[in-house]
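# Remarks on the overall topology
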Amino acid sequence: MTEVEELRPVPRERAILESFFTQLGMFSFDRAKDYVEKEKDNSKSAGAIWAALLAALAHLAAAEKAYHNMTFLGQKMGGQSFFSRKDSIRTIYTSLFNELRKVVTMGRHSQPGSAPYLEDLLSHLSEQLCHFTQARMEMADLYEKMHSLGSQKSINSEELVTTLEAVLHKYSTKFHHPILGRVEEGFQTEVDVVTQLLRCQAQVSEWSFLPALLSLHGANSKLIAWGLLFQRQKETRKHLFGGQSQKAVQPPHLYLWLQRFQAMLLAKFSFYFHEALSRQTAPADMRALTARTTPDYHGKISSFIRKHDASNVSLVFDNRGSESFQGHGYHHPHSYREAPKGVEQFPAVVSLPSGERPLTHWPNVIMMMGDRAAELNTLDKVVHFYDDKVQSTYYLTRPEPHFTMVVIFDGRKSEKDQHIASFLQEISGSLRNSKPFSTLKPGSKG
């Protein structure tokens, strides 16, 4: 299609297409579907290619609704349908892809005397939408994989980021027509947000302050901009006995899940970098800010210490093998600091209630991290140890590979104390941050 032909006026059809994709970009899936179906009924005398594209667009709106509401996730064979939900979303998009390919072919074999600029435009759009349906199928596969990771003890977020970057690179220039601007923008935003959140997850687990902060901020900014689409929209509801009311359009499940995942990462970030963040504000303000996170790790641990009279609770970072480690918070990339040795290879990320690690206990803690490494590396075992010399009891568990949670009590405590074991398992399971993946499926509890 030449540039001159694309610029020729096709006012009615182009206006219809722009209106449809605007509604699709604002997640008004039902309204978009009704709009093109009504237009198809009103255009029965129009050309075959126009009718074929309108039919495909109605199916696109239905597919987008299923995709954004994540209804295709997690149903096993022999469940409510003959197909797993993953297969059904693939079936929907594959069928849509085939419909769009037919429109492309019809445009290439248009009859003499027809409107070539319109048919070229419809064929060109359909070709780009074929790429879009393929991108959707790849993203649906990724969400299916993420959902399956919900029951695992550890998640390789970097591997997921690599997959997302490949999808973005493959499709970022494949549906660029101005009429598809909302579709392209929505796709880029979605992939960017998921990528930045997963990248943040990996960076927090490496105790990398500034990279994690930038990823979290980038995802949050895009989520806020995305959310403005819902705030601007109103949905009119007609009442049974007359009259009508308006209410904001409910965001789809995918958007709500991304918001929740971001909130959980913020809570973990606030806990892992509590010392660096607390330098920027007064203690009372810091407590108020962390109390707003879900969950509030600092508050939960402080409450546990008071309730059970614990001497200390610390999260220990094992930085052995980390060449870039320089301590809490941000450090200039060119600043020099000698690599830590001995006990300094095991700094306290957080140490409550005093904020300082208990130095007399630290050699014991490091020794147990080494001696009981096999048990701790199972990531769900709570290790118990009583040292008669210092008259203290230690409980250790490992939420993720480089981090160990330690609870220290004065005097002897039973290995079978369920309150302590349950507390450690709950905190560790939450810090692992894999449960949110299971909630990708609507109605699931994390």
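Residues numbered from 1 in each chain as written. Predicted model: local features only at pLDDT ≥ 70, side-chain atom pairs only at ≥ 80, totals over all residues. Heavy atoms only, no water.

### Quick word on the side chain of Arg 432
- Looking at the element boundaries, Arg 432 is found in helix H16 (residues 418–432).
- Notably, Arg 432 is buried but unbridged: the nearest opposite-charge side chain belongs to Asp 380, and the N-O separation is 6.6 Å.
- A polar side-chain atom of Arg 432 sits 2.4 Å from the main-chain carbonyl oxygen of Leu 379.
- Apart from residues no more than four positions distant in its own chain, Arg 432 is found in contact with Lys 153, Gln 201, Leu 379, Arg 398 and Pro 399. (Helix = DSSP H or I, 4+ residues; strand = E, 2+ residues; numbered from the N terminus. Buried < 20%, exposed > 50% of the residue type's maximum accessible area, 1.4 Å probe, protein only. Lys, Arg positive; Asp, Glu negative; His and termini not counted. Salt bridge = Lys/Arg side-chain N within 4 Å of Asp/Glu carboxyl O. Polar contact = N/O pair within 3.5 Å; in protein donor to acceptor, adjacent residues only side chain to side chain. Contact = heavy atoms within 4.5 Å.)

### A closer look at the packing of aromatic side chains
- One pass over the full model with this rule turns up 24 aromatic pairs.
- Centroid distance Trp 207 to Phe 273: 6.5 Å. Interplanar angle 10 degrees. Geometry classified as stacked. You can see Trp 207 sitting in the loop between helix H8 (181–205) and helix H9 (209–232) and its partner Phe 273 sitting in the loop between helix H10 (253–272) and helix H11 (274–278), a full 66 residues away along the chain. No difference in accessibility class separates Trp 207 from Phe 273, as the two residues are buried.
- Both rings, one in Tyr 272 and one in Phe 403, keep their centres 4.6 Å apart while their planes meet at 45 degrees; by these two values the pair is tilted. You can see Tyr 272 sitting in helix H10 and its partner Phe 403 sitting in strand S7 (residues 403–410), a full 131 residues away along the chain. (Phe/Tyr/Trp six-rings, centres within 6.5 Å; stacked < 30°, edge-to-face > 60°.)

### Here we look at unusual backbone geometry
- Following Thr 294, the chain continues into Pro 295 via a peptide bond in cis, with omega recorded as 0 degrees.
- Its location among the elements puts Pro 295 in the loop between helix H12 (283–291) and helix H13 (297–308).
- Note that the residue after Leu 352, namely Pro 353, is joined by a cis bond; omega there is 15 degrees.
- Position of Pro 353 relative to the elements: it lies in the loop between strand S4 (348–352) and helix H14 (362–371).
- The phi angle at Trp 207 is positive, at roughly 60 degrees, despite the residue not being glycine.

### Notes on empty space enclosed by the protein
- This model, assessed by the stated rule, comprises two cavities of 30 Å³ or more.
- Quantified by volume, the largest cavity comes out at close to 130 Å³.
- Leu 24, Glu 64, His 68, Arg 136 and Gly 186 are the residues nearest the centre of the largest cavity, which is lined by 14 residues in total.
- At the level of secondary structure, the elements contributing two or more residues to the lining of the largest cavity comprise helix H2 (11–25), helix H4 (48–68), helix H6 (116–148) and H8.
- The leading source of residues in the lining of the largest cavity is H8, at five residues.
- Of the volumes computed, that of the second largest cavity is approximately 30 Å³.
- In this structure, the second largest cavity is lined by Ala 267, Ser 270, Phe 271, Thr 290, Thr 293, Pro 295, Asp 296, Tyr 297 and His 298.
- When contributions to the lining of the second largest cavity are tallied by element, the ones reaching two or more residues are H10 and H13.
- Ranked by residues supplied to the lining of the second largest cavity, first place goes to H10 with three residues. (1 Å grid on protein atoms, 1.4 Å probe; cavity = no way out; pocket = protein on both sides within 12 Å on 5 of 7 lines; lining within 4 Å. Points joined across faces, edges and corners; volume = space filled by probe spheres on them.)

### Looking at the nonpolar core
- Counting 109 residues, the largest nonpolar core has Phe 21, Tyr 143, Met 146 and Tyr 272 as the members making the most contacts within it.
- Sort the elements by how many residues they give to this core and H6 lands first, with 14 residues.
- Aside from chain neighbours lying at most four places away, what touches Tyr 272 is Val 204, Trp 207, Leu 315, Val 349, Glu 400, Phe 403 and Leu 431.
- Of all hydrophobic cores here, the second largest spans 14 residues; its members include Val 316, Ala 348, Leu 376 and Val 406. (Core = buried A, V, L, I, M, F, W, Y, C linked by side-chain atoms within 4.5 Å.)

### Concerning a nonpolar patch on the surface
- The grouping of Leu 210, Leu 213 and Leu 214 at the surface amounts to a nonpolar patch, some 230 Å² of accessible area in total.
- Locating Leu 210 in the fold gives a position in helix H9. (Patch = residues over 30% accessible without salt bridge, like charges linked within 9 Å, V, L, I, M, F, W, Y side chains within 5 Å. Areas by Shrake-Rupley, 256 points an atom, 1.4 Å probe, with all protein chains shown as cover.)

### Observations concerning the sheet that holds S4
- Spatial ordering of the open sheet is given by S4-S3-S7-S6-S5, a layout of five strands whose pairing is antiparallel. Looking at which strands have only one partner, the edges of the open sheet turn out to be S4 and strand S5 (383–387). Averaged over all pairs of adjacent strands, the angle between strand axes in this sheet comes to 15 degrees, irrespective of strand direction.
- Looking at chain direction, strand S3 (residues 312–317) and S7 are connected through six bridges and run antiparallel. Bridge pairing in S7 links Ser 314 to Val 406.
- Lying on the sheet, H16 is in contact with strand S6 (392–400) and S7; it crosses S6 at an angle near 25 degrees. (Pairing = 2+ DSSP bridges. Axes fitted to C-alpha atoms, helices over the stretch in contact; angles between N-to-C directions.)

### Overview of the confidence of the model for the protein chain
- Looking at the protein chain, the pLDDT average stands at 86 and 84% of residues meet or exceed 70.
- Ignoring residues within four places in sequence, the model shows residues 1–9, a span with pLDDT below 50, making 11 contacts including any to other chains.
- Segment residues 77–87 is flagged for pLDDT under 50; beyond a separation of four residues in sequence, or across chains, it makes 15 contacts in the model. (pLDDT = per-residue confidence, 0-100.)

### A look at the pattern of salt bridges
- Considering all chains together, one arrives at 16 salt bridges under this definition.
- A salt bridge links Glu 159 to Lys 145; the shortest N-O distance between them is 2.9 Å. Of this pair, Glu 159 sits in helix H7 (residues 157–171) while Lys 145 sits in helix H6; the two residues are 14 residues apart in sequence, bridging distant segments of the chain.
- For Lys 145, a relative accessible area of 33% translates into the label partly exposed.
- As a salt-bridge pair, Glu 375 and Arg 372 come within 2.6 Å of each other at their nearest N and O atoms.
- Taking the relative accessible area as the measure of exposure, Glu 375 reaches 28% and is therefore partly exposed.
- Connected through shared salt-bridge partners, Glu 64, Arg 136 and Glu 190 make up one network.

### Digging into H14
- Among all positions of H14, only Trp 362, Asn 364, Val 365, Ile 366, Met 368 and Met 369 are buried.
- Taken together, the buried residues of H14 touch S3, S4, helix H15 (373–376), S5, S6 and S7.

### Concerning the environment of Pro 442
- Its location among the elements puts Pro 442 in the segment after helix H17 (435–438).
- Pro 442 sits 372 residues away from Met 70 along the chain, and the two C-alpha atoms are 6.7 Å apart.

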